[in-house]
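Chain and residue survey
Letter by letter, the chains look like this.
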Amino acid sequence: MCCGPMDSGLATLSRPGMTERFDVTNTILDINNLVVSVGKKPGGHKIIDGISIQVRERETLCLVGESGSGKSVTSLTTMGLLPKGTLVPTGGSVKLVGEEILTATDRRLRQLRATQMAMIFQEPMTALNPVVPVGRQIDEVLRAHTKLDARARKKRILDMMEQVHLPQVERIFASYPHRLSGGQRQRIMIAMALVLEPKLLIADEPTTALDVTTQKQILSLIRELQRDHGTAVLFITHDMGVVAEIADRVAVMRQGRLVETGPLDTVLRNPTMEYTRNLLAAVPSLVPRPPREESREPVVLEANELSKVYKERAFFGKGREVVAADKVTLTLRKGRTLGIVGESGSGKSTVARCIVRLIDPTSGGVRLAGREIADISRRLLQPHRQKIQIVFQDPYRSLNPRVTVGESIAEGPINYGVAHADAIKRARELLELVGLPADAVSRYPHQFSGGQRQRIAIARALALDPDVLVADEAVSALDVSVQAQVLDLLDEIQNRLGIAILFITHDLRVAAQICDEVVVMQHGRVVEQGPAAEVLTHPKEAYTKALLDAAPGRNWDFANFRPVAEGVGASASA
Amino acid sequence: MGVVALFVFLLLRLTPGDPAAILAGDNATPERLERIRTSLGLNEPLIVQFITWVNKLLHGDLGTSLISNLPVMKMIGQRVEPSISIALCTIILAVIVAVPLGVIAAWKHGTWIDRFVMGLSVLGFSVPVFVVGYVLIEVFALELRWVPVQGFKSISAGFGPFFERMILPTCALSFIYIALIARMTRAAMLDVLGEDYVRTARAKGINEVAVMMRHALRNAAVPVITVIGTGFALLISGVVVTESVFNIPGIGRLTVDAVLARDYPVIQAMILLTSLVYVVVNLLIDVAYTLLDPRIRY
């Protein structure tokens, strides 16, 4: 134990007697038959329904599940951070080093937080207070829990910041969060969580909002710190790739219940439960699907040296120029799928938006079905808009909540002169095409799940019979099982309608499964492009290699329940 | 400011009504009317009038009142102290009372405390200021005789008399500002309390007061400061009703009197002064933003 001073107050409460008992099993967190319900009244809906998990010293337990499985609620219950009055633990127990959390006073919980248990969150962008320098935010932990003087505190913080491999710690100490990158902010969060060497670290999707290369660094950082400090880690994620990277043991949750728990290798190789099998089978493989034969169909979309420069005007001095897209050239043939892959800030969405003319390109050309559309006026563009349609990332925000699904789908055709009744009739057919009941036309978006909404968004895009469908991270917000279904749907629609798809994604697994060709972008430039099977298995450029290397769980072929190496020859002979 | 000056000038010249006629009275002969016009420069072309006015303005001369023949500068000077005193006292009282109320209401969101504060705030909005004023006079001045009924004493006459006469108008006026600021604070705090960094702060194990003050309130401050600032500007430029109820010789009443008498120089000066106050207050608000939120840069 090296966390001396701040422990002096609590030592008498938790230490004696416990130590011997827990040395036997080393159990740090013991959740037993936990029930969490909505509201205080008995009979309220159970969000968590009788789950039991244990996390031991030096162990990482991955809590995996799709949205709504209750994994975050489990972690918040452990920290005592459930929203008061709305979610209430109604049964079972949560023990931290033998001490019951559920019945602890608020005061005691505050003492335990940061000293015994700490948490890092999903969004490093919003998890830090924007108006307080990061050093002071870490300092707050020390001031609340220790009696160290200012110099000792600062020394300890700088030391911790070095342990999380932040550069120029003195400068970052005084920086405000908005000056730091997402990865740096997450490092600050980790430093803040571990500065008092808690026994338990809860990490709630800590890398989900980060780019893969940053994700890889953060994952190895957590591993490293865990090894050095012997921390028990409860790691919450929806991403099987991340699980494969970091877990010692895995607990699979579904709708508030524990489905299956076991060591990593056992769960990935021999899942016993149907749900786990399906979950693993839905993870898209990083090994590209067998390439389709080369297309001789006409080119429907061409971007020629497309550039977009954002000029930032400054009041004093020179303005800044940001080149979001730099001379991007690509071609897309009828019935094919072209993927644009890259990390955030690579310019992939900018390119998509320029092509659809949601924003105006600074220079370069876009030919849509043989017609140049990059520089024609909005009015002249109108007849061409219907040939290219876009599906956005967030199905919860891209449909107008006050308009029925049918009207949303019919709006486009009506704008182009189709009679209302005909447009609604077409909407019903399209809903069936995307696998929804035809009578969904009269319902509102909030009555559908995320996956269903994305189907509606696809139906809306198809209503105008476009030549090109642009999918801008269209499956990124969806759970893997739903994601697999939507990918299948896009594939089916393409086979049936011969539509061309421009697919923008940050996820190489998804790209490998749906794209014929891929374009890899970085800092607004195209780094590498070519057939997906070629680029994703034998990348030529260092950046593409780094991207592939950073893809979590790249050594696992989840759908076939084996490591990729064992499958070579069977499916990955490309 | 230049635009405001031009706009004010033209607006006043374009509104119907002739100051010369008012000055001369009902029985004036046309010759007398003409003489007054000439002496006031009202017969010159508009552009000449404007240039003369701006030229004087830049030399610090706001002109002479058409009615009282006193320099406008002096007239306003006499009235500034009461107005600023009221505005400052009101805003200080309002902030001291309203911000904690709003914070507590947001903290205890959904409880009876929250409902009580919000009820109070609805009351503050709906009761007209003169009603509050007369009720306060009735209770504290006439019944209890704790303070004088009305009037104003300069602070140079001693803090006691000044404060005695300040208390009731300040209370009456601050009622509505308390309602406004408390509401704003509560809404901004509720927004902020849902933020991730507040959850992070709680996860650190620091106490609730520190969570509220250090993490939530500072982030909620921007909209609150805006309301306080604009409220202050409104107060400076005159609170006619309050000044009338408590018989205080402030800027509000000066403005109303000038408008009724078509005293152009005074009205022009008042509008310029008001817009100057707004510009300065907005500048201060912007400066406050950058101090509160390091992300805001100009």
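Treat the numbers as computed from the prediction; the structure is a model and nothing was measured. (Residues numbered from 1 in each chain as written. Chains lettered and ligands numbered in written order. Predicted model: local features only at pLDDT ≥ 70, side-chain atom pairs only at ≥ 80, totals over all residues.)

Digging into the overall build of chain B
Tallying secondary structure elements over chain B gives 13 helices and zero strands in all. Counting helices and strands in the order they occur from the N terminus, chain B gives α-α-α-α-α-α-α-α-α-α-α-α-α. On the principal axes, the C-alpha backbone points of chain B span a range of 85 × 55 × 35 Å. A total of 298 residues make up chain B; the buried ones form 36% of that total. Within chain B, residue pairs in contact and separated by at least 24 positions form 71% of the contacts whose partners lie at least 6 positions apart. (Helix = DSSP H or I, 4+ residues; strand = E, 2+ residues; numbered from the N terminus. Buried ≥ 20, exposed ≤ 12 C-beta atoms within 10 Å, placed from the backbone. Contact = placed C-beta atoms within 7 Å.)

So, the overall build of chain A
In terms of helices and strands, chain A carries 23 helices and 22 strands. Expressed as lengths along the three principal axes of its C-alpha atoms, the size of chain A is roughly 80 × 60 × 50 Å. Taking all 574 residues of chain A together, the buried fraction comes to 47%.

Let's talk about the packing of helix α5 (residues 72-107) of chain B against helix α13 (residues 264-292) of chain B
Residues and elements named next belong to chain B. Two elements in contact, α5 and α13, have axes whose closest approach is 10 Å; the angle formed by their N-to-C orientations is 55 degrees. Between α5 and α13, the crossing angle belongs to the class labelled oblique. Where α5 crosses over α13, the handedness of that crossing is right-handed. Residues V72, M75 and I76 of α5 form the contact with α13, whose own contacting residues are P265, V266, A269 and L273. Of the residues in the contact of α5 with α13, the class split is seven nonpolar, no polar and no charged. (Axes fitted to C-alpha atoms, helices over the stretch in contact; angles between N-to-C directions. Parallel < 35°, antiparallel > 145°, perpendicular 65-115°, else oblique. Left-handed = near helix turned anticlockwise from the far one by under 90°. Nonpolar A, V, L, I, M, F, W, Y, C, P; charged D, E, K, R; others polar.)

Digging into the packing of helix α6 (residues 134-145) of chain A against helix α9 (residues 182-194) of chain A
Residues and elements named next belong to chain A. Running from N to C, α6 and α9 point in directions that differ by 20 degrees, and their axes come no closer than 9 Å. As far as their axial angle goes, α9 and α6 are roughly parallel. Judged by the sense of rotation from one axis to the other, the crossing of α6 with α9 is right-handed. Contacts between α6 and α9 involve V134, Q137, I138 and V141 from the former and I188, A191 and M192 from the latter. Tallied by class, the residues present in the contact of α6 with α9 amount to six nonpolar, one polar and no charged.

Brief notes about the domain arrangement of chain B
Per the domain assignment, the segments of chain B are domain 1 (2-58) and domain 2 (78-292). On a C-alpha basis, the centroid separation for the pair domain 1 of chain B and domain 2 of chain B is 37 Å. (Domains from an automatic or database assignment.)

Observations concerning the sheet that holds strand β3 (residues 60-64) of chain A
Residues and elements named next belong to chain A. In spatial order, the strands read β6-β7-β8-β3-β9-β10; together these six strands make up an open sheet with mixed pairing. Each of the sheet's edge strands pairs with one partner strand only, and the pair in question is β6 (117-120) and β10 (257-263). The sheet shows a mean angle of 15 degrees between the axes of neighbouring strands, taken without regard to direction. Two elements, β6 and strand β7 (residues 200-204), share four bridges in a ladder whose sense is parallel. Across the sheet, A118 pairs through a bridge with L201, a residue of β7. (Pairing = 2+ DSSP bridges.)

So, the environment of A:M253
Residues and elements named next belong to chain A. As for its position among the elements, M253 is in strand β9 (residues 249-254). For M253, a count of 25 C-beta atoms within 10 Å puts it in the buried group. Taking the C-alpha atoms as reference, M253 lies 23 Å from F448; in sequence the two are 195 residues apart. Leave out the neighbours within four places in its chain, and M253 touches I51, L63, V64, G65, S69, G70, K71, L258 and V259.

Here's the deal with unusual backbone geometry
Residues and elements named next belong to chain A. Positive phi, normally seen in glycine, also occurs at A369, with a value near 45 degrees. Within the secondary structure, A369 is located in the loop between β14 (363-368) and β15 (371-372). Despite not being glycine, D465 shows a phi value in the positive range, around 50 degrees. Tracing the backbone shows D465 in the loop between α18 (450-462) and β17 (468-472).

Observations regarding helix α13 (residues 274-281) of chain A
All names here are of chain A. Those residues of α13 lying buried are T276, L279 and L280. The arc enclosing the buried residues of α13, seen along the axis, measures out at 95 degrees, which places them on a common side. Contacts made by the buried residues of α13 are with α11 (240-246), β9, β10, α12 (264-269) and α19 (480-497). (Arc of directions from axis to C-beta.)

Comments concerning the interface of chain B and chain A
Contact with chain B, which involves 20 residues of that partner, is made by 24 residues of chain A. Put simply, the parts of the chain that give the side of chain B that touches chain A at least two residues each are α9 (196-203) and α10 (208-236) of chain B. When residues of the side of chain B that touches chain A are assigned to their parent elements, the largest contribution, seven residues, is made by α9(B). Here the side of chain B that touches chain A is composed, by residue class, of seven nonpolar, five polar and eight charged.

A look at the nonpolar core
A:L502 and B:I181 are the most contacted members of the largest nonpolar core, which totals 217 residues. Tallying contributions element by element places helix α8 (residues 159-193) of chain B first for this core, with 15 residues. Those residues in contact with B:I181 that sit more than four places away from it in its chain are B:A94, B:V95, B:A98, B:V99, B:G102, B:V224, B:V227 and B:I228. Counting twelve residues, the second largest nonpolar core, distinct from the first, contains B:V72, B:L254, B:A258 and B:I267. (Core = buried A, V, L, I, M, F, W, Y, C linked by C-beta atoms within 7 Å.)

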